[in-house]
Amino acid sequence: MQETKDIYQSLGISKEVYDYGNKILSELEDRFKIIDETAEYNQLKVIKAMQDSRVSEACLLGTTGYGYDDIGRDTLEKVYAKIFNTEDALVRPQITCGTHALALALMSNLRPGDELLSPVGKPYDTLEEVIGIRPSRGSLAEYNISYKQVDLLSDGSFDYENIKKAINEKTRLVTIQRSKGYQTRPTLSVERIKELIAFIKNIKPEVICMVDNCYGEFVETIEPTDVGADLVVGSLIKNPGGGLAPIGGYLAGKKECIENAAVRLTSPGLAKEVGASLSVLPSLYQGLFLAPTVTASALKTSIFAANVYEKLGYKVVPDGIESRHDIIQAVTLGSKEKVLAFCEGIQKAAPVDGFVIPEPWDMPGYDSEVIMAAGAFVSGSSIELSADGPMKEPYNIYFQGGLTFQHGKFGILSSLQSLVNKGLISL
Ligand SMILES: *Cc1c(COP(=O)(O)O)cnc(C)c1O
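Residues numbered from 1 in each chain as written. Predicted model: local features only at pLDDT ≥ 70, side-chain atom pairs only at ≥ 80, totals over all residues. Heavy atoms only, no water.

**Here's the deal with the pairing of strand S7 (residues 249-253)**
The element S7 is extensively covered by neighbouring structure, given that five of its five residues are classed as buried. Residues of S7 alternate between two faces, with Gly249, Leu251 and Gly253 on one and Tyr250 and Ala252 on the opposite face, all of them buried. Examined bridge by bridge, strand S1 (residues 88-92) and S7 share five bridges and lie antiparallel to one another. Across the sheet, residue Ala89 finds its bridge partner in S7, namely Ala252. Across five bridges, the pairing between strand S6 (residues 231-235) and S7 is antiparallel. Bridging from a neighbouring strand, Ser235 pairs with Gly249 of S7. (Buried < 20%, exposed > 50% of the residue type's maximum accessible area, 1.4 Å probe, protein only. Helix = DSSP H or I, 4+ residues; strand = E, 2+ residues; numbered from the N terminus. Pairing = 2+ DSSP bridges.)

Right under this line is the structure:
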């Protein structure tokens, strides 16, 4: 048999980089074991939800036209509701992406005169235009829905005093972003989200607590809706789609919140009754089935990346040893050249478009140029191995995904090789 290092070499990975990676990897066994245990729990949680919802072969067929009585769609929504421990869910290919799912949740559950509060600092970039932090056509601000924000304290903890002050008679919905997104603040654990929600509900019990769950699904054995969140929202081309879902978003939560979202997505009176699933259901079901182990692979990849770059002296968030609450890894590379080289290396490891060189561009919804490396089967899917970074100080790269750890490992080694080849890092 050929040796593994030889096939790495044929893919451009030098023996030096390969050995460096394996040395790092040998120290991560115990952590990987814990991740596998979480994956095992979540795998069973998903199977139980599917069995309890009586998923059948007929559920995989799909509908066209209006999509009345789409048993596959309706059952999938039951499965999501069981997994997230909620009264109801809305899981649709008509929800085009995570931003759309979040905008839908906000625009349908807020009314003119209401106020939205983010007690965890600035939300994800694309939400700035949804909320109207950056003036934008159709934003919540245009509908007279105001916005308040309380930043985290410098040590990353909640600013309870100012959160209390910010809650007023207009506050109708609180949005809590679990993942750090394009920031270097820590990601929130479900346990911390629980504390925050308890504090807020204690001041105003009727406020809707929504969690932007993007990148957090299946990282822990509990989800925010297990600990008091009224609504969780996310994208199917991230964790819960398991890499197979070609499109879609989900909302899971209180019946009323979901009903509000359904009438907004389709139309008052029609709500969840319409919305043909076309032919996407097999991949939504199978992707959900794979999601726990795919999320585990992505987690291992990001822990491996953290340790590879931390030991080379780069600031990494989360660091090499701390516990994980999402699949994103931030590395502060510090220069444009390094960000470009890193992304080139990730791209070179891709099964699709492995021959192209990524370039920064003005992506819709972002306020600076962004570079993205992704050679994905599903365009833009960030549960697949991908890296992106805004082209601005301090030149962070945000790295995520990996449908298999073997691919994730190769991708990280390839990023390192690219930096080494360009003389930007020496081992
Ligand atoms: C990805 C992401 C979004 C937006 O999702 P898109 O599918 O890219 O529109 C929102 N919030 C967080 C935390 C995310 O990671």
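Back to the text.
**Quick look at the sheet that holds S7**
Reading across the sheet, the seven strands line up as S1-S7-S6-S5-S4-S2-S3 and stay open at both edges, with mixed pairing between neighbours. Lying at the two open borders of the sheet, with one neighbouring strand each, are S1 and strand S3 (146-149). Neighbouring strand axes in the sheet, compared pairwise and without regard to direction, differ in orientation by 20 degrees on average. In this sheet, strand S4 (residues 171-177) lies alongside strand S2 (residues 115-118) in parallel orientation, the contact comprising three bridges. (Axes fitted to C-alpha atoms, helices over the stretch in contact; angles between N-to-C directions.)

**Re the packing of aromatic side chains**
Applying the stated criterion across every chain, the model contains 13 aromatic pairs. Where Phe304 meets Phe405, the ring centres are 6.1 Å apart and the plane angle is 80 degrees; that geometry is what we call edge-to-face. Residue Phe304 is located in helix H10 (residues 281-310), and its partner Phe405 is located in helix H12 (residues 405-421); the two are separated by 101 residues in the primary sequence. Taking the relative accessible area as the measure of exposure, Phe405 reaches 13% and is therefore buried. Centre to centre, the rings of Tyr309 and Tyr314 are 6.3 Å apart; their planes meet at 75 degrees, and the pair counts as edge-to-face. Grouped by ring-pair contacts, the aromatic residues Tyr309, Tyr314, Phe342 and Phe399 constitute a single cluster. Geometry around Tyr124 places Lys238 over its ring, the cationic atom sitting 5.5 Å from the centre. (Phe/Tyr/Trp six-rings, centres within 6.5 Å; stacked < 30°, edge-to-face > 60°. Lys NZ or Arg CZ within 6 Å of the ring centre and 35° of its normal.)

**Topic: the packing of helix H2 (residues 15-26) against H12**
Taken N-terminus to C-terminus, the directions of H2 and H12 make an angle of 130 degrees; their axes are 10 Å apart at the nearest point. The orientation of H2 relative to H12 falls into the category oblique. The interaxial crossing formed by H2 with H12 has right-handed handedness. Where H2 approaches H12, its residues Val17, Tyr20, Gly21, Asn22 and Leu25 are matched on the opposing element by Phe405, Lys409, Leu413, Leu416, Gln417 and Val420. Its residues placed into classes, the contact of H2 with H12 shows seven nonpolar, three polar and one charged. (Parallel < 35°, antiparallel > 145°, perpendicular 65-115°, else oblique. Left-handed = near helix turned anticlockwise from the far one by under 90°. Contact = heavy atoms within 4.5 Å. Nonpolar A, V, L, I, M, F, W, Y, C, P; charged D, E, K, R; others polar.)

**Section: the sheet that holds strand S12 (residues 396-400)**
Pairing is antiparallel in the open sheet, where five strands are placed in the order S8-S9-S12-S11-S10. The open sheet has two edge strands with one neighbour each: strand S8 (315-317) and strand S10 (370-374). Averaged over all adjacent pairs, the angle separating strand axes in this sheet is 20 degrees, with direction ignored. As paired elements, strand S11 (residues 386-390) and S12 share three bridges and run antiparallel to each other. For Asp388, the partnering residue across the bridge sits in S12 and is Tyr398.

**Structural notes on the site of the ligand**
With respect to spatial proximity, the complete set of residues near the ligand consists of Cys97, Gly98, Thr99, Leu102, Tyr124, Gln177, Asp212, Cys214, Tyr215, Ser235 and Lys238. Here an oxygen atom of the ligand and a backbone polar atom of Gly98 are 2.7 Å apart. Interatomic distance of 2.9 Å between a side-chain N/O atom of Lys238 and an oxygen atom of the ligand. Contact with the protein chains removes 90% of the 380 Å² of surface that the ligand exposes when unbound. The pocket occupied by the ligand, as judged from atoms lying within 2 Å of grid points, is the largest pocket. When residues in the shell around the ligand are grouped by element, the largest group, three residues, is from helix H5 (residues 98-109). Taken together, the residues that form the shell around the ligand break down as five nonpolar, four polar and two charged. (Near = heavy atom within 4 Å. Polar contact = N/O pair within 3.5 Å; in protein donor to acceptor, adjacent residues only side chain to side chain. Areas by Shrake-Rupley, 256 points an atom, 1.4 Å probe, with all protein chains shown as cover. 1 Å grid on protein atoms, 1.4 Å probe; cavity = no way out; pocket = protein on both sides within 12 Å on 5 of 7 lines; lining within 4 Å. Sits in = over half its atoms within 2 Å of the grid points.)

Distances and angles like these do not, on their own, reveal function.
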